[in-house]
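# Structural overview
Each chain, written out:
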Amino acid sequence: MSKNGQKNGDQIAIEVYSADGYDFVEEIASEPGGESIRSCHQCGVCSGSCPNVLWMDYSPRKIIALTRAGKRKEVLSSNSMWCCATCHLCTVRCPRGIEMPELMHVLESIAIREGLAGRVSAPTMQRTLVNAAKRQGRVHELGLMGRFFLRTNPLAALKIAPVGLKLLLHGRLPLRAEKIEGTDQLRAIVKEAQKIEGAE
Amino acid sequence: MKQYSYFPGCSLKSTAVAYDESVRAISASLGIELIELEDWNCCGTTAYSSIDRLESIAVPCRDLALAEKKGLDLVTPCTACFRTFERVNSHLKLYPFLKPKVDKVLAAAGLEYHGQVKVRHLVDVLINDVGVEAIASKVVNPLHGLRVAAYYGCLLVRPRVAFDDPENPESLDGLLKSLGAEVVPFPAKSRCCGGSLVISNVDLALGLIQRILESADSNGAEAIVTVCPLCQLNLDAYQGMVNSRFGTKFSLPILFLSQLLGTALGIKPKALGFDRGIVSPDKVLAGHLQESVR
């Protein structure tokens, strides 16, 4: 796979529902929101509407085409879904009613589960946020940013430090993290959800 | 006084504390009582649905279960929280197979949720419950001469909303005009600010932020008005970075709707959190803040 997804992507034939594609499509379709992948007729309005398409290895339309063609590894290890800001401009324009961001999130969750999301830093940010959400019940933005940069690129923190400092000086980054009383309820929710998902 | 369960969300406790302060400050004048949902937990935002699909429904369901017991509409000023809860409700309706799973998960925490909570964004409550005319009738300090760009962002109006257009929304324009402000044309009014991508992909986000600032600035806006904590943070705190990256000289204060609303209602600037802005609004609002009467 060349770095230039645009060019390379054009050369890949779109085999709608190839044998490999069938399994991959079924896997995605079993998740809420994922079933819409069957409705796409490849018009490309999503790609034309996306504000971040130029940053993506494959445009949203190509992601669907590649998925149906069974290009599992190419899709899951691409950066496309991690560039999606969930702005839903594609959703409201899609003539087939597909919620592309929801589909992108399904792909993200599979990529994370299979360890294919290593090349981008967005998953680290999301995992850091989610860990705080389920352990403390509150997200502490200063702690979130600190942990994110420590885990990804501590040097990049320098670039962003002036922003953090300004926020701090304007009373917008409390130093202390909040924690809710019902953390035991959150623990029970997460444990039970994992039990159900593990059984499937 | 109409009562609501109030869900501030994590951002309103930190980077958007001015939003929380100003919303609480205006509520009484508008005849609404916001009762903070006791021991609410983080909704998990869209990030959670990338990490774990079932948990991303079940964790915010704890809040909905707590709110259902109170029997009031759940109102949040945060568009990301609003969209997360709206997604939970619509998923539970669209995908009946989720219901028994979610029931089981909640039962493990001694909770239950029957899908009855009406989740509302603050803007929805202001426009449809309080009403633009009623708000206009309470204005004691009209914002005459103030040129603002009304910024809706993405998630207030997308993927679906009952009270406005998803690409060319106008509800905030009307509300701001009723306060006496001049609303400039703003083609980027519902374009994306990048949201949390500003942390994981700052170069991408800076480009999006630049385009929004440029659109407001070139149309003569003196300030941008927003109803989302993430939009405010990105346009305000990263404006300096945009200026050095793109060689621009933007100096646009990014105000929460509730801050301007409070000013028009005559509430003291101190109660509205204006000093939290990184791009100071003092110059732009000078004439208006001195006239505060309450």
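Residues numbered from 1 in each chain as written. Chains lettered and ligands numbered in written order. Predicted model: local features only at pLDDT ≥ 70, side-chain atom pairs only at ≥ 80, totals over all residues.

In terms of regular secondary structure, chain B is built from 13 helices and eight strands. Taken over C-alpha atoms, the radius of gyration comes to 19 Å for chain B, in line with the 19 Å a tight globule of 294 residues would show. When its C-alpha atoms are laid out on the principal axes, chain B stretches across 55 × 45 × 30 Å. Looking at chain B as a whole, 60% of its 294 residues qualify as buried. If you take every contact in chain B between residues at least 6 apart in sequence, the share linking residues at least 24 apart comes to 79%. (Helix = DSSP H or I, 4+ residues; strand = E, 2+ residues; numbered from the N terminus. Rg over C-alpha atoms; globule rule 2.2 N^0.38 Å. Buried ≥ 20, exposed ≤ 12 C-beta atoms within 10 Å, placed from the backbone. Contact = placed C-beta atoms within 7 Å.)

This next bit is on the domain arrangement of chain A. Along its sequence, chain A is carved into domain 1 (5-113) and domain 2 (127-199). Inter-centroid distance (C-alpha atoms) of domain 1 of chain A to domain 2 of chain A is 29 Å. (Domains from an automatic or database assignment.)

Right, let's get into the domain arrangement of chain B. Residue and element names in this part refer to chain B. Once the domains are mapped, chain B shows domain 1 (2-121) and domain 2 (141-290). The C-alpha centroid of domain 2 is placed 25 Å from the C-alpha centroid of domain 1. Those elements giving two or more residues to the side of domain 1 that touches domain 2 turn out to be helix 1 (17-27) and helix 4 (79-94). Ranked by residues supplied to the side of domain 1 that touches domain 2, first place goes to helix 1 with eight residues.

All names here are of chain B. The parallel open sheet is built from four strands, whose spatial order is 2-1-3-4. Bordering the open sheet on either side are strand 2 (32-36) and strand 4 (119-121), each of which pairs with just one other strand. Across the sheet, the mean angle from the axis of one strand to that of its neighbour is 40 degrees, orientation sign disregarded. Judged from the two bridges that link them, strand 1 (residues 2-6) and strand 3 (residues 74-76) form a sheet pairing that is parallel. What sits directly across from Y6, in strand 3, is V75. Docked against the sheet, helix 6 (residues 122-137) engages strand 1, strand 2, strand 3 and strand 4, running at close to 90 degrees with respect to strand 4. (Pairing = 2+ DSSP bridges. Axes fitted to C-alpha atoms, helices over the stretch in contact; angles between N-to-C directions.)

Moving on to the interface of chain A and chain B. In many analyses, interface size is given as the accessible surface area lost on bringing the parts together. Taken together, the 56 residues of chain A in the interface contact 55 residues of chain B. Going through the elements one at a time, helix 6 (89-93), helix 7 (100-113), helix 8 (122-135), helix 9 (141-151), helix 10 (156-169) and helix 11 (183-199) of chain A are the ones with two or more residues in the side of chain A that touches chain B. The greatest single-element share of the side of chain A that touches chain B, amounting to ten residues, is contributed by helix 11 of chain A.

Moving on: helix 2 (residues 19-29) of chain A. Residues and elements named next belong to chain A. Among the residues of helix 2, those classed as buried are G21, F24, V25 and I28. All buried residues of helix 2 lie within an arc of 100 degrees about the axis, which places them on one face of the element. Pointing more than 90 degrees away from the buried face of helix 2 are the exposed residues A19 and D23. Looking at the buried side of helix 2, the elements it contacts are helix 4 (60-68), helix 5 (72-76) and helix 7. (Arc of directions from axis to C-beta.)

Okay, helix 9 of chain A next. Every buried residue belonging to helix 9 of chain A is among E141, L144, M145, F148 and F149 of chain A, and all of these are buried. All buried residues of helix 9 of chain A fall inside an arc of 120 degrees around its axis, so they share one side. Buried residues along helix 9 of chain A sit against helix 8 and helix 10 of chain A together with helix 8 (197-200) of chain B.

Let us now look at the nonpolar core. Within the largest apolar cluster, 166 residues are counted, with the highest numbers of intra-cluster contacts made by A58, V148, A150, I224 and V225 of chain B. Per-element tally for this core: the top contributor is helix 3 (residues 53-70) of chain B, with eight residues. Among residues more than four places away in sequence, those in contact with A58 of chain B are I189 and A193 of chain A together with V102, V105 and L106 of chain B. (Core = buried A, V, L, I, M, F, W, Y, C linked by C-beta atoms within 7 Å.)

To continue, consider the pairing of strand 1 of chain B. Looking along a regular strand, one sees the side chains alternate between the two faces of the sheet. Residues and elements named next belong to chain B. As defined by bridge partners, strand 1 adjoins strand 2 across five bridges and the pair is classed as parallel. Each bridged residue has a counterpart across the sheet, and for S5 the counterpart in strand 2 is I35. For the segment spanning strand 1, helix 1 and strand 2, crossover handedness is right-handed. (Right-handed = clockwise from strand over helix to strand, strands pointing away.)

We now examine unusual backbone geometry. The omega torsion of the bond from R158 of chain B to P159 of chain B falls at 5 degrees, within 30 degrees of zero and hence cis. Structurally, the position occupied by P159 of chain B is in the loop between strand 5 (147-151) and helix 7 (171-178). The phi dihedral of T86 of chain A falls on the positive side, at around 55 degrees, and the residue is not glycine. Residue placement: T86 of chain A occurs in the loop between helix 5 and helix 6. Not every positive phi belongs to a glycine, and D39 of chain B is a case in point at roughly 55 degrees. Summarising the element assignment, D39 of chain B is placed in the loop between strand 2 and helix 2 (45-51). Its 14 C-beta neighbours within 10 Å are what place D39 of chain B among the partly exposed residues.

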